[in-house]
Amino acid sequence: MYYIDPHIHMVSRVTDDYETLARMGCVAVSEPAFWAGFDRGSVDGFRDYFRQLTQFEQKRASWSKIQHWTWLCINAKEAEDVKLSREVIAMIPEFMDQPGVLGIGEIGLNKNTKNEAIVFLEHLDLAAKTDELILIHTPHLEDKYKGTRMILDMLCDDQRLDHHRVLVDHVEEHTIGRVLENGFWAGMTLYPTSKCTPERACDMVEMYGPERLLVNSAGDWGPSRPVAVPDFIMAMRKRGHSEALIRKVVYENPLEFFGQSRNFVFTPPEMSEPAGV
Ligand SMILES: [Zn+2]
């Protein structure tokens, strides 16, 4: 089955991973800007990162016949430095019209601090003014419930935002309901150590239905599994779900959400299915 991974950090992965993804049926990936594992020292560090995301990574993906889209921001982990964050936000428009840039992300909260909220709101303002899609990171573990509520409150307070153009990622059982009720898209992240498992993602599809739901690996430089979406496909099949339902979640839904971006271009794969699940 063809699928799309809507959240994966390929700059942290090797070219062999692209090849493996392609063999498993992956035809496109979307890569939000994120934390590199260390705080960057200047706005120029981000400029080079954005050049990598918008100018090189598409080419590397294309070697394996995978399409690559990306998102730009300064992430919540580096948002404590409000001055640097403002410099980065001011620089983002230089890259917004590069091919494959779908919007602003992944923005959000990490430790739910005041500075993180300031920088989050300034990203929202940029997205509203430039009519960009938004991809949101919700915090980890003990900070998730409170952080997700804070994020949803800030989103709902901004009357300019169309909720169908916002994806709230890393939802779990205790946060997904509120995200969907408010008209947002929800992303389930399959991680080996935290967030969600393939089985729990199946549970959530069964509980809430497939509308506005996405599944991703959020593969990065830490413990993660870039082929987690095929794990979800297998888990859904084992429960007896139809191919049409699975395909909606892993292929049609990402196309519907990303298709709202003015920079969205997608060439459907050839008719022959690749080997894999
Ligand atoms: Zn991420």
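Since the model is a prediction, treat every value here as computed from it, not as a measurement. (Residues numbered from 1 in each chain as written. Predicted model: local features only at pLDDT ≥ 70, side-chain atom pairs only at ≥ 80, totals over all residues.)

**Description of the packing of helix α3 (residues 82-91) against helix α4 (residues 114-130)**
Then, number 1: For the pair α3 and α4, the least separation of the axes is 10 Å and the interaxial angle reads 10 degrees. What the angle tells us is that α3 and α4 run roughly parallel. α3 and α4 meet at a crossing whose hand is right-handed. Within the contact between the two elements, α3 uses V82, S85, R86 and I89 and α4 uses N115, I118, V119, E122, H123 and L126.
Then, number 2: A per-class count over the contact of α3 with α4 returns five nonpolar, three polar and two charged. (Axes fitted to C-alpha atoms, helices over the stretch in contact; angles between N-to-C directions. Helix = DSSP H or I, 4+ residues; strand = E, 2+ residues; numbered from the N terminus. Parallel < 35°, antiparallel > 145°, perpendicular 65-115°, else oblique. Left-handed = near helix turned anticlockwise from the far one by under 90°. Contact = placed C-beta atoms within 7 Å. Nonpolar A, V, L, I, M, F, W, Y, C, P; charged D, E, K, R; others polar.)

**Concerning unusual backbone geometry**
Then, number 1: In the segment running from G105 into E106, the intervening peptide bond is cis, with an omega of -10 degrees.
Then, number 2: Secondary-structure assignment places E106 in strand β4 (residues 101-108).
Then, number 3: Its identity is not glycine, yet N112 carries a phi of approximately 60 degrees, on the positive side.
Then, number 4: Mapped onto the elements of the fold, N112 is located in the loop between β4 and α4.
Then, number 5: You will see that H170, though not glycine, has its phi angle at about 60 degrees, which is positive.

**Considerations on the packing of helix α7 (residues 198-208) against helix α8 (residues 228-238)**
Then, number 1: Where α7 meets α8, the closest approach of the two axes is 9 Å, and the angle between their N-to-C directions is 60 degrees. By the criterion of interaxial angle, the relationship of α7 to α8 is oblique. The handedness of the crossing between α7 and α8 is right-handed. Residues P198, E199, A201 and C202 of α7 form the contact with α8, whose participating residues are D231, F232, A235 and M236.
Then, number 2: Tallied by class, the residues present in the contact of α7 with α8 amount to six nonpolar, no polar and two charged.

**Things to note about the pairing of strand β5 (residues 133-137)**
Strand residues, when the strand is regular, have side chains that alternate between the two faces of the sheet.
Then, number 1: By the criterion of burial, β5 is predominantly enclosed, with five of the five residues buried.
Then, number 2: Burial along β5 is two-sided: the residues L133, L135 and H137 and I134 and I136 are all buried.
Then, number 3: Of the pairings in the sheet, the one linking β4 to β5 comprises five bridges and is parallel in character. Among the inter-strand pairings, G105 is bridged to a residue of β5, identified as L135.
Then, number 4: By the bridge criterion, four bridges tie β5 to strand β6 (residues 166-169) in an arrangement that is parallel. (Buried ≥ 20, exposed ≤ 12 C-beta atoms within 10 Å, placed from the backbone. Pairing = 2+ DSSP bridges.)

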